Each structure stands twice: as C-alpha cells, then as structure tokens.
Amino acid sequence: MAGSWLLGAGVGEPGRRPTALLVGVHEEDGGGDTDSSTATSLAELRRLADTDGLAVADAVVQNRPRPDPATYLGSGKVDELAALAERMQADLVIADGELSPGQVRNLEERVGVRVVDRTALILDIFAEHARTGEGRLQVELAQIAYQLPRLRGDGRSLSRVGGGRTAGGTGMGVRGPGEMRLETQRRRLRQRATRLRRNAAELARRRERTRNRRARNQVPSVSITGYTNAGKSALLNRLTGADAQVQDVLFATLDPTVRRLTAGGLTFTVTDTVGFVRHLPHQLVDAFRSTLEEVSGSDLALHVVDASAPDALDQITTVHGVLHEIGAGDVPELLVLNKIDVAPTDWVDCLCRAHPQAVPVSALTGQGIADLRTTLATRLQRR
C-alpha cells in the first residue's frame, strides 16, 4: 500500500486501494512517431503504480511539443483532468515525468487532489521494498534529496521563534527574529542527510574492503544487472541454489545478494543487484552508488534481459546508460536473454541476431542454464 510519504496525510481510506490517474505528454517534435514509446512509458507507469498498491482508474495524454512549464499539461487538458478526477473520485494524479515544485503546486490547485511525479512513485516503491538497514538508509537519502527543493509552506505566515532584545533587556544572544517552521524543517532534513551520508560512507568502505579481500584471494566476481523484473533474482537462484526473493513486481529486490558458484573447475562469486528502469531518479543513483559499484568492481557484468518484453532493445539501452553513469561502462558484459519459455520464438531469434554473443535461457525451466554456466567459466578464465 502506498504510504503517506506519497499520498500525504489523510488521503485514502483504510482497506481500499487509493485511486490514481496517470498523465503524460506525447512530445511532437517532428522527428518521427513516438506514440509507441509514450504508450510503453505509460504502461510501465501503470505497473509501477500497481506495484505501489494503487488502483489506476484512467490515463490522460496530451500531444504537445513540450510539457507546459506552469502546469505540465495545457490549460484545457488540466480542466479535463480536474473533471475526470472528480468523476472518478481520484486520490492521486501521477505524472509520467519529473515535475517542478511550481508545476505540482499549480496542478494541485487546479485539479483538487494530490499530484506526484514518476520519481516520487519510484522512491515510494523503494521505501516499501527496502529490507536491510543499508537499503533503508539509501532510500531515505534519496527521499531527502527529492524533498528538499520541494518543501513549501501552507500559504500563510508560519510560526516564528521569538528573539532579539525584548522588554526588560532579556533575550540578548538568542536567534534574532527566529526561523520559519519551513526553514527549520529544511535545516533538520539537511542535518539528517549529513548523518546518513556519514553512515553510507562507512558502508561503502566496508564494501570496498570486501571487494579488495576477494581480489587478494583471486576470487573472480560476477554481478547480475539489468532492467527491473527481468528475472535477475530467479537467475541467481537457478545458478547458485540461492533463496533470493522472487516476485513478479517491479523492484522486488533492492539489497544485493552474494553467492558462490563453481563452474568449469572455477569458483567465483555472483552478486544480484538492484534493477534499473526508464528515467531512474538521479537521487536513487547517487544514494545507491555504493551498492551499484558492485557492478563496476566486478570482473564480468551478467546483463539479464527479459526476452519476452516487446521493448527489450530499449531496455538494454537504458541499462547501458545507467552503467556508464556509475562508471561501469567498461566492465566486460555477457548478455543473457531470459524468459525464452514465454517469449515468441521469432522475437528471440531477432534479439539473438542483434546480439550474437547473447545466451538464451529460462530461469524458470532451467533451459540454457548449463550453457550459461559453461560460458561464464570460459569468460572468467580468459580474464
């Protein structure tokens, strides 16, 4: 269930899934038809909302060259959205993009319900799925980075702390006119972020020491990476006999799981890492950098692709972009086409032609796993 961080206090009713409306902008730039990419992005946003426990009632899409700087959608579309929200009794509007604080404020005033963007939704899912102390710390850091520029008052004069010289000469040396409640909240968030960064730095040092110890012991390492819900945890379980959590939802796994595997007479570690998604919030990339560095510090990146996804090629491009962002673009890669048991044969053949070195497998049925183990051992022995 989506939490109050996303919905706001008092939104929704106990025992009922909050109702959400999706909004998107199909940018017409004359560079070709992007209807399919807009539809794919909205379909993914719908899955994200469902993962967070929201019931999506409808979606509103507007064709325009670029999002309106004041309200994201044009004025007429905002009126249409407001009428739809009232008719559907929506609790929430989710924009398929990152909104500025001004756009959020203007939309909420016009539509009359809480408005969030894709980034806030992803952060809420991460907060729900974080299990370990490290995962929760990283998510909180990302939430604070998102919240700080978006804090705002409630439109009236906020309380102040008295200061300066008062009657009788008392009050000298205190904080002057005082701070607004909003400023106090910002200061507390910054202080909290500073403490979290110190803790995150210590965790990063521990990870670095662990990686250095594996390197001294000459234990090769493989990091499983890829788009969210591509079957990374299922593949880890199939390869190593691990019991990592497997769910058919987005971002089911946030905390890395490390297991040993022996293949072809070679023993190495296999690490499952957090999945990626389109427009992965930069706050999350920064907060999870120490975890994502498991990929940049590995000898081989096992890039898992959902071969049944119609946008599999776009997902590969998205993952490559994030890997370059975290400094893992030069790590040798082995592409694995997962879910071939449910993917159309002609589509799998197309992906294999586009990526001749890829290994087709099914983590569910075990098809192709023996070939994958052999290929992993061969690639690592070359290293």
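Here is what the cut-offs are and how they apply
- For every chain, the first residue of its written sequence is number 1, and the numbers climb from 1 along that sequence.
- In keeping with the predicted nature of the model, local features appear solely for residues at pLDDT of at least 70, side-chain atom pairs appear and are counted solely at 80 or more, and the whole-chain, interface and lining totals rest on all residues.
- Where side-chain values are given, they derive from all heavy atoms of the structure, hydrogens and water being excluded.
- Strands here mean DSSP runs of E at least two residues long; helices mean DSSP runs of H or I at least four residues long; both are numbered from the N terminus.
- Accessible area is worked out with a 1.4 Å probe on protein chains only. A residue is then buried under 20% of its type maximum, exposed over 50%, and partly exposed in between.
- Residue-level accessible areas treat just the shown protein chains as cover; the underlying method is Shrake-Rupley with a 1.4 Å probe.
- The pLDDT value expresses, per residue, how confident the predictor is, ranging between 0 and 100.
- We call two residues in contact whenever any of their non-hydrogen atoms come within 4.5 Å of each other.
- Here a cavity denotes grid points, spaced 1 Å and computed from the protein atoms alone, that fit a 1.4 Å probe unable to get out, and a pocket denotes an open set having protein on both sides within 12 Å along at least 5 of 7 lines; residues with an atom within 4 Å of a point are the lining.
- Grid points are joined across faces, edges and corners, and a volume is the space filled by probe spheres set on the points.
- When residue character is reported, Ala, Val, Leu, Ile, Met, Phe, Trp, Tyr, Cys and Pro are called nonpolar, Asp, Glu, Lys and Arg charged, and the others, Gly included, polar.
- Two strands pair if DSSP finds at least two bridges between them.
- In this analysis, axes come from line fits to C-alpha atoms, helices being fitted only over the stretch in contact, and the angle between any two N-to-C directions falls in the range 0 to 180 degrees.
- Counted as positive: Lys and Arg. Counted as negative: Asp and Glu. His and the chain ends are not counted at all.
- Between Lys or Arg on one side and Asp or Glu on the other, a salt bridge is scored when a side-chain nitrogen of the former is within 4 Å of a carboxyl oxygen of the latter.
- In the analysis that follows, any N or O atom pair within 3.5 Å is treated as a polar contact, provided that within protein one partner can donate a hydrogen and the other can accept it, and provided that, for residues neighboring in sequence, both atoms belong to side chains.
- Two aromatic rings from Phe, Tyr or Trp, using only the six-membered ring of Trp, form a pair when their centres are within 6.5 Å; if the ring planes differ by under 30 degrees the pair is stacked, by over 60 it is edge-to-face, and anything between is tilted.
- Remark: a charge is flagged as sitting over a ring if the NZ atom of Lys or the CZ atom of Arg is within 6 Å of the ring centre and within 35 degrees of the ring normal.
- Multiplying 1.5 Å by the residue count of a helix minus one yields the expected span of that helix.
- Joining through side-chain atoms within 4.5 Å is the link that ties buried Ala, Val, Leu, Ile, Met, Phe, Trp, Tyr and Cys residues into a set, and such a set is a nonpolar core.

Draft legend 1. Expanded view of the overall build of the protein. Scanning the protein from N- to C-terminus turns up 13 helices and 10 strands. Across the 383 residues of the protein, 49% fall into the buried class. In the form shown here, the protein has an accessible surface area of approximately 18,300 Å², with 47% of it arising from carbon and sulfur atoms.

Draft legend 2. Representation of the confidence of the model for the protein. Across the protein, pLDDT averages 82, with 81% of residues at or above 70. Note on residues 154-178: pLDDT is under 50 here. Beyond four places in sequence and across chains, it has 28 contacts.

Draft legend 3. Representation of empty space enclosed by the protein. All told, the structure shown has one cavity of 30 Å³ or more when counted by the stated rule. Put simply, the largest cavity is a space of about 50 Å³. If you trace the largest cavity, you find it lined by Phe126, Val274, Gly275, Phe276, Leu280, Leu284, Val285, Phe288 and Leu292. Residues that form the lining of the largest cavity fall into these classes: eight nonpolar, one polar and no charged.

Draft legend 4. Inspection of the sheet that holds strand S10 (residues 359-360) at higher detail. The mixed open sheet is built from six strands, whose spatial order is S6-S7-S5-S8-S9-S10. Each edge of the open sheet carries a strand with a single partner, namely strand S6 (257-263) and S10. The pairing of strand S8 (residues 300-306) with strand S9 (residues 333-338) spans six bridges and is parallel. Within S9, the residue paired with Asp306 across the bridge is Asn338. Each of strand S5 (221-226), S8 and S9 touches helix H11 (residues 312-325); the most contacted strand, S8, lies at about 150° to it. Across the face of the sheet, helix H13 (residues 369-382) comes into contact with S5, S6, strand S7 (266-272), S8, S9 and S10 while running at roughly 175° to S9.

Draft legend 5. A look at the side chain of Asp117. Residue position: Asp117 is located in strand S4 (residues 114-117). For the buried residue Asp117, which engages in no salt bridge, the nearest side chain bearing the opposite charge is Arg150, 4.1 Å off. A polar atom in the side chain of Asp117 sits 2.8 Å from the side chain of Tyr146. Residues contacting Asp117, with those up to four places away along its chain left out, are Ile94, Ala95, Gly97, Glu98, Leu99, Tyr146 and Arg150.

Draft legend 6. Molecular detail of the packing of aromatic side chains. Throughout the structure, instances matching the rule amount to zero aromatic pairs. It is Arg150 that lies over the ring of Tyr146; its NZ or CZ is 3.9 Å from the centre.

Draft legend 7. Summary view of the pattern of salt bridges. For the structure shown, the criterion picks out 12 salt bridges. Across the pair Arg209 and Glu202 runs a salt bridge, and its minimum N-O distance is 3.5 Å. You can call Arg209 partly exposed: its relative accessible area is 44%. Lys339 serves as the salt-bridge partner of Asp306, at 3.5 Å between the closest nitrogen and oxygen. One end of the pair, Asp306, is in strand S8; the other, Lys339, is in the loop between S9 and helix H12 (345-354), with 33 residues separating them in the sequence. The same class applies to Asp306 as to Lys339, namely buried. Residues joined in a network through salt bridges with shared partners are Glu202, Arg205, Arg206 and Arg209.

Draft legend 8. The arrangement of helix H8 (residues 232-240) in detail. Residues Lys232, Ser233, Leu235, Leu236, Asn237 and Leu239 constitute the buried set of H8. Buried residues along H8 sit in contact with S5, S6, S7, S8, S9 and H13.

Draft legend 9. Local environment of helix H3 (residues 75-88). Helix length check: H3, at 14 residues, gives a terminal C-alpha distance of 20 Å against a target of 20 Å (1.5 Å per residue), a fit within 8%. Contact partners of the buried residues in H3: strand S1 (19-27), strand S2 (55-64), strand S3 (92-95) and helix H4 (101-111). Backbone geometry just downstream of H3 places Gln89 in the positive-phi region, at approximately 50°.

Draft legend 10. View of the nonpolar core. Counting residues in each nonpolar core, the largest one holds 38 residues, and the members touching the most others are Ile94, Leu121 and Leu284. Every element with two or more residues in this core is listed here: S1, helix H2 (35-51), S3, helix H5 (118-129), helix H6 (133-147), helix H9 (282-287), helix H10 (289-296) and H11. Sorting elements by how many residues they give to this core places H5 first, with six residues. Sequence-distant contacts of Ile94, that is, excluding residues within four places in its chain, are made with Ala20, Leu21, Leu22, Val23, Leu45, Ala49, Leu54, Val116, Asp117 and Leu121. One finds Ala263, Val270, Leu300 and Leu372 within the second-largest nonpolar core, a separate group that totals 25 residues.

Draft legend 11. Summary view of the environment of Leu54. Considering the arrangement of structural elements, one finds Leu54 in the loop between H2 and S2. According to the relative accessible area criterion, Leu54 is buried, its value standing at 1%. Sequence separation of Leu54 and Leu21 is 33 residues, and the distance between their C-alpha atoms is 9.7 Å.

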